[in-house]
Amino acid sequence: MAAAVAWLRRGAWGPARRCGLAVTRSYSGGGSYPNVSLTCPLPGVPKAVFAATEGRERFETRVTVLENGLRVASQNKFGQFCTVGILVNSGSRHEAKYPSGIAHFLEKLAFSSTAQFSSKDEILLTLEKHGGICDCQASRDTIMYAVSADAKGLDTVVNLLADVALQPRLSDEEIEMTRMAIRFELEDLNMRPDPEPLLTEMIHAAAYRENTVGLKRFCPVENTDKIDQKVLHSYLSNYYTPDRMVLAGVGIEHEQLVECAKKYLLGVEPVWGNAQSKEVDRSVAQYTGGIVKPWQLLGPTPIPELTHIMIGLESCSFLEEDFIPFAVLNMMMGGGGSFSAGGPGKGMFTRLYLNVLNRHHWMYNATSYHHSYEDTGLLCIHASADPKQVREMVEIITREFILMAGAIGEVELERAKTQLKSMLMMNLESRPVIFEDVGRQVLATNTRKLPHELCALISKVKSSDIKRVVTKMLHKKPAVAALGDLSDLPTYEHIQEALSSKDGRLPRLYRLFR
């Protein structure tokens, strides 16, 4: 032990000091450090050579229109994988002349057997060779067939997508399996503790009664037996035409995608033939307002018996300039289904949290939603509470609508704009989200606004813009959807009167007997 101590005292750490061990323990203010400016290149270090960025690699969306009217849109993105898909300007809003539920059927039938592939299993095995997955989503105005796979398998992916969209077999067995799947989904939808999908359906039906986006998105049970191969082919012949389609891709070269599109989507005869479209519904959404309130009591359950109310007013299309102020307003109110998404406490300062949930402990939730389409939009507030508190809950919602047109603090507005930009950029880090954004914008406008352009528009929103769009919105009739025990629900006329008042209060009720 004494020998070791003596060894240390003799300076055995000398070599370590020369190697830098002792230097790491010195303070930054020590005189042994050279005085080198951080703004000047280090002496003796070769000049850095940075990779040059060519014009086509700036990740801007490129669009090419083929001879048959099909649009090919792409955006390059670094990475091994790509997301490619076909978007069709078709959905439940186009089913006015057909039984409701065709888009729902097509969503379930997607990626089944085709002219080249005998079964869904064969399609999945083909994608598995390229590490790929597939999905189909049908909304009110768009049907998307999408595949994410290795970029080296682009030729196989586009071939598969073309076959799935234009050459589906739609066999009787597959259609019967789809009927069973839809019936089960409808039963499950009515028993879910979260009523948001049902309320969204109901608020659209109330706002656009029996037209366009107000038509049913889910197939009614009574229509499952009415939809067969003949009905599907009739619908597909009208809406699955090249001029209503976009082949979109993210993470691939544009020229390569165009070549694949020409190879597999140009001059291809669909399984339903090349007959000219005759019954394309070009109706523009007509906002009507109104109320939909089916009575629903599920009986004894472990879940608290709640009454759910959703009130909405017409906003604007996503093609209009006012869409950005409405998006900021939605974020300022509550901005979606989860207050914590994107980081703890993100929504602790939104109006529905501060003015509603923070003050009324008996309310289970209060959230805002903004649905926007090519020709219309809907801003909604959804809240839930005990059936005995329905009247007070409705008054709180109407009051929040009126307060939207009131004073807006500068800090509140800046916070909402910052949150909206943050959410936008966070979502656009995902390749499938970029794909959907590219496809939908090109399908509607043939161009795409880039994220930095949208952020610049968000930054320009002023409190006067919010007040202007809210004032215009409040002049419309409300749309109301209600679910649960509605014994104490105010009449539609009283809700409309509250939204026309200065303070959002419902008319007082005078009763002789209580």
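The structure displayed is predicted, hence computed values, not measured ones. (Residues numbered from 1 in each chain as written. Predicted model: local features only at pLDDT ≥ 70, side-chain atom pairs only at ≥ 80, totals over all residues. Heavy atoms only, no water.)

Chemist: Let's hear about the overall build of the chain: which residues, and what values?
Modeler: When helices and strands are tallied, the chain shows 17 helices and 11 strands. Taken across its 514 residues, the chain has 49% of its residues classed as buried. Put simply, of all contacts in the chain between residues at least 6 apart along the chain, 79% involve residues at least 24 apart. Of the accessible surface of the chain, which amounts to about 26900 Å², a share of 55% is contributed by carbon and sulfur atoms. (Helix = DSSP H or I, 4+ residues; strand = E, 2+ residues; numbered from the N terminus. Buried < 20%, exposed > 50% of the residue type's maximum accessible area, 1.4 Å probe, protein only. Contact = heavy atoms within 4.5 Å. Areas by Shrake-Rupley, 256 points an atom, 1.4 Å probe, with all protein chains shown as cover.)

Chemist: Pulling in residues and values, what's your account of empty space enclosed by the protein?
Modeler: Here the structure, examined in full by the defined rule, presents five cavities of 30 Å³ or more. Approximately 100 Å³ is the volume attributed to the largest cavity. Every residue lining the largest cavity is counted, 14 residues in all, and those nearest its centre are Leu109, Tyr145, Val164, Pro168 and Leu170. Looking at the lining of the largest cavity, the elements that each hand over two or more residues are α3 (102-109) and α5 (154-166). Looking at the lining of the largest cavity residue by residue, the classes come out as 11 nonpolar, three polar and no charged. (1 Å grid on protein atoms, 1.4 Å probe; cavity = no way out; pocket = protein on both sides within 12 Å on 5 of 7 lines; lining within 4 Å. Points joined across faces, edges and corners; volume = space filled by probe spheres on them. Nonpolar A, V, L, I, M, F, W, Y, C, P; charged D, E, K, R; others polar.)

Chemist: Outline unusual backbone geometry, supporting the account with residue identities and numerical values.
Modeler: Across residues other than glycine, the phi torsion is negative in most instances, and most of the peptide bonds are trans. Its identity is not glycine, yet Leu170 carries a phi of approximately 50 degrees, on the positive side. Position of Leu170 among the secondary structure elements: in the loop between α5 and α6 (172-191). With relative accessibility at 3%, the residue Leu170 sits in the buried group. The phi torsion at Asn446 lies on the positive side, around 70 degrees, for a residue other than glycine. With respect to the helices and strands, the residue Asn446 is situated in the loop between α14 (431-445) and α15 (451-459).

Chemist: Pulling in residues and values, what's your account of a nonpolar patch on the surface?
Modeler: On the surface, a cluster of nonpolar side chains totalling about 260 Å² of accessible area is made up of Val36, Leu42 and Val45. Note on placement: Val45 falls in the loop between α2 (14-19) and β1 (62-65). Of the residues examined, Val45 reaches a relative accessible area of 51% and is grouped as exposed. (Patch = residues over 30% accessible without salt bridge, like charges linked within 9 Å, V, L, I, M, F, W, Y side chains within 5 Å. Salt bridge = Lys/Arg side-chain N within 4 Å of Asp/Glu carboxyl O.)

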